[in-house]
Amino acid sequence: MKKILVTGGCGYIGSHTIVDLLQNGYQVISADNNSRSNPQILKGVEEITGIKVKNYAVDLCIFDDTCAIFQENPDIAGIIHFAAYKAVGESVEKPLLYFQNNLDSLINILRCATEFNVPNFVFSSSCTVYGNPDTTPVTEDTVFKPAQSPYGSTKQMGEQIVQQVMNSSTNLQSILLRYFNPVGAHPSNCIGELPIGRPANLIPGITQTAIGKLPQMQVYGNDYPTKDGSCVRDFIHVSDIAHAHTLALDFLLQHKNKSNCEIFNLGTGSGYTVLEVIDVFEKVSGQKLNYVIADRRPGDVIAIYANNDKATTELNWHTKYSLQDMLQTAWNWEQKLKKEQSLFDGKKPELN
Ligand code: WQD
């Protein structure tokens, strides 16, 4: 079994990806300092797969500590690098925290991949690299517009760092995966999203309002040039995103890649407005959502959704979950968190 290091393995997409990797015959170790995640989530991974995954609670910004993982695991065949801060709003308030954390950790991981000769590298990127695109859907060749936040800048810079390290290396090959809007929870309801503090993202904002954790939800603007005035996004189930990582590793291990840095959009190829999502949620949950229309949120992209033809044809990746499934699994998870409050409340990771 090929051993894969998943950094940020206790996070939302990281934990779902570990489940998919294990179910597809990979051996997995995690590296996550739990500053923004809860190690309890690996118990949920074990519930689903029957496999206990070891997590190295290491700050990847410390090179020697990061190296120690590779010294202890000389058989790592590939790396999936998720570990990064990802709150758009916080990145605007604390840009240097984001540049230091997201780029130092990436550079250290790439140094170890080079020095320990780990040939396969998958980088967690984001549709945010496109900025505010002139036309949609966006393809992997769509020219970047300026990033709308320091978080987005760290993803644009991160992609450039990976590409240039690959160009100067003879033994590394990589894939950049640009996620659109990951939402929902694993169908088993054993793992899901664990937002820290008040959620910035739409779906946890909806489910926490619906369950009564938040008094009311705000729709940030309904005066955009879209079908109903609210923003358009390409929402995609986190388990569909997870499976794309397994396919990406298979692709590299089978040397199907044409270059040593391939890029894939991970979106459904369909855009839905914020108000359409709320409408579907109300049907799924059987209850009205308490929301108001508020001012636009600075930095919001008006409309973006993916052309995912490259991933579907080259990775043979096909999304399984509909928008209804995404919202149903998110709602199931929120209801479970309420019932089993102690499950994850023991350790509340603090925002730095
Ligand atoms: C979606 C839409 C909001 C909350 C960012 C990053 C992306 C990824 C996901 C990391 C927007 C509206 C939201 C609310 C609202 N990050 N909204 N009320 O900004 O598209 O993407 O998070 O993986 O890389 O760029 O996601 O869910 O915050 O917002 O009206 O309470 O929902 O204005 O139009 P976003 P989001």
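A word on empty space enclosed by the protein
(1) Moving on: Applying the stated criterion across every chain, the model contains 2 cavities of 30 Å³ or more.
(2) Moving on: Of the pockets and cavities examined, the largest cavity occupies roughly 110 Å³.
(3) Moving on: In terms of lining residues, the largest cavity is bounded by Tyr 12, Gly 184, Ala 185, Glu 193, Pro 195, Ile 203, Pro 204, Thr 207, Ala 330, Trp 333, Glu 334 and Leu 337.
(4) Moving on: At the level of elements, helix 7 (202-211) and helix 11 (323-339) are the ones that each hand at least two residues to the lining of the largest cavity.
(5) Moving on: For the lining of the largest cavity, the element with the highest residue contribution is helix 11, accounting for 4 residues.
(6) Moving on: If you trace the second largest cavity, you find it lined by His 81, Ala 83, Ala 84, Asn 102, Leu 103, Leu 106, Phe 123, Ser 124, Thr 154, Lys 155 and Gly 158.
(7) Moving on: Those elements that place two or more of their residues in the lining of the second largest cavity are helix 5 (95-115), strand 5 (120-126) and helix 6 (150-167).
(8) Moving on: In the lining of the second largest cavity, the residues fall into 5 nonpolar, 5 polar and 1 charged.

So, the packing of helix 9 (residues 274-285) against helix 11
Two numbers describe a pair of packed helices, the interaxial angle and the distance between the axes.
(1) Moving on: Their axes nearest at 9 Å, the elements helix 9 and helix 11 cross at an angle of 60°. With respect to their mutual orientation, helix 9 and helix 11 come out oblique. Every pair of crossing elements has a handedness; the one defined by helix 9 and helix 11 is right-handed. For the pair helix 9 and helix 11, the contacting residues are Val 277, Val 280, Phe 281, Val 284 and Ser 285 in the first and Leu 323, Gln 324, Leu 327, Gln 328 and Trp 331 in the second.
(2) Moving on: By residue class, the composition of the contact of helix 9 with helix 11 is 7 nonpolar, 3 polar and no charged.

Comments concerning the pattern of salt bridges
(1) Moving on: Under the definition given, this model contains 15 salt bridges.
(2) Moving on: One salt bridge in this structure joins Arg 296 and Asp 223, with 2.9 Å as the shortest N-O distance. Of this pair, Arg 296 sits in the loop between strand 13 (291-294) and helix 10 (309-314) while Asp 223 is found in the loop between strand 8 (217-220) and strand 9 (232-233), placing the two residues 73 residues apart along the sequence.
(3) Moving on: When the shortest N-O distance is used, the salt bridge between Lys 310 and Glu 262 registers 3.4 Å. A residue pair is termed long-range when its members are at least 10 positions apart, and Lys 310 in helix 10 and Glu 262 in strand 11 (residues 261-266) qualify at 48 residues. Across this residue pair, the class does not change: Lys 310 and Glu 262 are buried.

Let's talk about the state of the cysteines
(1) Moving on: Overall, the coordinates contain 0 disulfides when judged by the stated rule.
(2) Moving on: Here Cys 127 is not disulfide-linked; the sulfur of Cys 231 is the nearest cysteine sulfur, at 12 Å.
(3) Moving on: Owing to a relative accessible area of 5%, Cys 231 belongs among the buried residues under this scheme.

Comments concerning the site of the ligand
(1) Moving on: Around the ligand, the structure places 18 residues, and the nearest of them are Ser 126, Leu 202, Gln 218, Arg 233 and Asp 300.
(2) Moving on: Ser 126 has a polar side-chain atom sitting 2.6 Å from an oxygen atom of the ligand.
(3) Moving on: In this structure, an oxygen atom belonging to the ligand sits 2.6 Å away from a side-chain N or O atom of Arg 233.
(4) Moving on: Its free accessible area being 700 Å², the ligand has 91% of it covered by the protein chains.
(5) Moving on: When residues in the shell around the ligand are grouped by element, the largest group, 4 residues, is from strand 8.
(6) Moving on: Taken together, the residues of the shell around the ligand break down into 9 nonpolar, 5 polar and 4 charged.

Here's the deal with the environment of Val 92
(1) Moving on: Relative to the elements of secondary structure, Val 92 occurs in helix 4 (residues 88-93).
(2) Moving on: Looking at Val 92, the relative accessible area reads 52%, which means it is exposed.
(3) Moving on: In this structure the C-alpha to C-alpha distance between Val 92 and His 318, which are 226 residues apart in sequence, comes to 35 Å.

Here's the deal with the sheet that holds strand 5
(1) Moving on: Pairing is parallel across the open sheet formed by 7 strands, whose spatial order is 3-2-1-4-5-6-11. Taken across any chain shown, the strands that pair with only one partner, and hence form the sheet edges, are strand 3 (54-56) and strand 11. When the angles between neighbouring strand axes are averaged without regard to direction, this sheet yields 20°.
(2) Moving on: Bridge analysis of strand 1 (residues 3-7) against strand 4 (residues 76-81) gives 5 bridges, and the strand direction is parallel. What sits directly across from Ile 4, in strand 4, is Gly 78.

Considering the packing of aromatic side chains
(1) Moving on: Counted under the stated rule, the structure contains 6 aromatic pairs.
(2) Moving on: Ring centres of Tyr 85 and Tyr 98 lie 5.6 Å apart, and the angle between their planes is 65°; on these two criteria the pair is classed as edge-to-face. Taken together, the positions of Tyr 85 in the loop between strand 4 and helix 4 and Tyr 98 in helix 5 put the pair 13 residues apart, joining distant regions of the chain.
(3) Moving on: Assessed through its relative accessible area of 6%, Tyr 85 is described here as buried.
(4) Moving on: Taking relative accessible area as the criterion, Tyr 98 reaches 0% and is therefore assigned buried.
(5) Moving on: Ring pairs connect the aromatic residues Tyr 130, Phe 144 and Phe 180, which therefore count as one cluster.
(6) Moving on: Across the ring face of Phe 63, the terminal group of Arg 111 is positioned such that the distance to the ring centre comes to 3.5 Å.
(7) Moving on: Directly above the ring of Phe 264 sits Lys 310, whose terminal nitrogen or CZ lies 4.7 Å from the centroid.

The rules behind the values
- Here the residue numbering is sequential within each chain, running from 1 through the sequence in written order.
- Side-chain atom pairs in this predicted model are given and counted only at pLDDT of 80 or more, local residue features only at pLDDT of at least 70, and totals for whole chains, interfaces and linings cover all residues.
- Hydrogen atoms and water are omitted, and side-chain values are computed over all heavy atoms in the structure.
- Here the term cavity refers to a set of points on a 1 Å grid, laid over the protein atoms alone, in which a 1.4 Å probe fits but cannot get out; the term pocket refers to an open set having protein on both sides within 12 Å along at least five of seven lines, with lining residues being those that place an atom within 4 Å of a point.
- Grid points are joined across faces, edges and corners, and a volume is the space filled by probe spheres set on the points.
- Under the DSSP-based scheme used, a helix requires at least four consecutive residues in state H or I and a strand at least two consecutive residues in state E, with every element numbered from the N terminus.
- Under the convention adopted here, Pro, Cys and the residues Ala, Val, Leu, Ile, Met, Phe, Trp and Tyr are nonpolar, Asp, Glu, Lys and Arg are charged, and Gly plus all remaining residues are polar.
- Under this scheme, a helix contributes an axis fitted over its contacting stretch, all axes are lines through C-alpha atoms, and angles between N-to-C directions fall in the 0 to 180 degree range.
- In what follows, roughly perpendicular refers to angles from 65 to 115 degrees, roughly parallel to angles under 35, roughly antiparallel to angles over 145, and oblique to any angle outside these ranges.
- Helix crossings are classified by the rotation of the near helix relative to the far one: an anticlockwise turn of less than a right angle makes the crossing left-handed, while a clockwise turn makes it right-handed.
- When checking whether two residues touch, look at their non-hydrogen atoms; a contact exists if any pair is within 4.5 Å.
- Put simply, a salt bridge is a Lys or Arg side-chain nitrogen that is within 4 Å of an Asp or Glu carboxyl oxygen.
- Relative accessible area decides the class of each residue, using a 1.4 Å probe on protein chains only: under 20% of the type maximum gives buried, over 50% gives exposed, and in between gives partly exposed.
- Disulfide assignment relies on a single distance test, namely cysteine sulfur atoms paired within 2.5 Å.
- Nearness is judged by heavy atoms alone; a residue qualifies as near a molecule or strand once a single heavy atom is within 4 Å of it.
- A 3.5 Å cut-off defines polar contacts: any pair of N or O atoms within that distance qualifies, except that in protein one atom must be a possible hydrogen donor and the other a possible acceptor, and neighbouring residues in sequence count only when both atoms are side-chain atoms.
- For the area figures, the Shrake-Rupley method with a 1.4 Å probe applies, and any residue is considered shielded solely by the protein chains shown.
- Strand pairing follows a simple DSSP-based rule, namely that at least 2 bridges must link the two strands.
- Here is the rule: rings of Phe, Tyr and Trp (six-membered ring for Trp) pair when centre to centre is within 6.5 Å. Planes less than 30 degrees apart are stacked, more than 60 are edge-to-face, and the remainder are tilted.
- For a ring to carry a charge above it, either NZ of a lysine or CZ of an arginine must fall within 6 Å of the ring centroid while also lying within 35 degrees of the normal to the ring plane.

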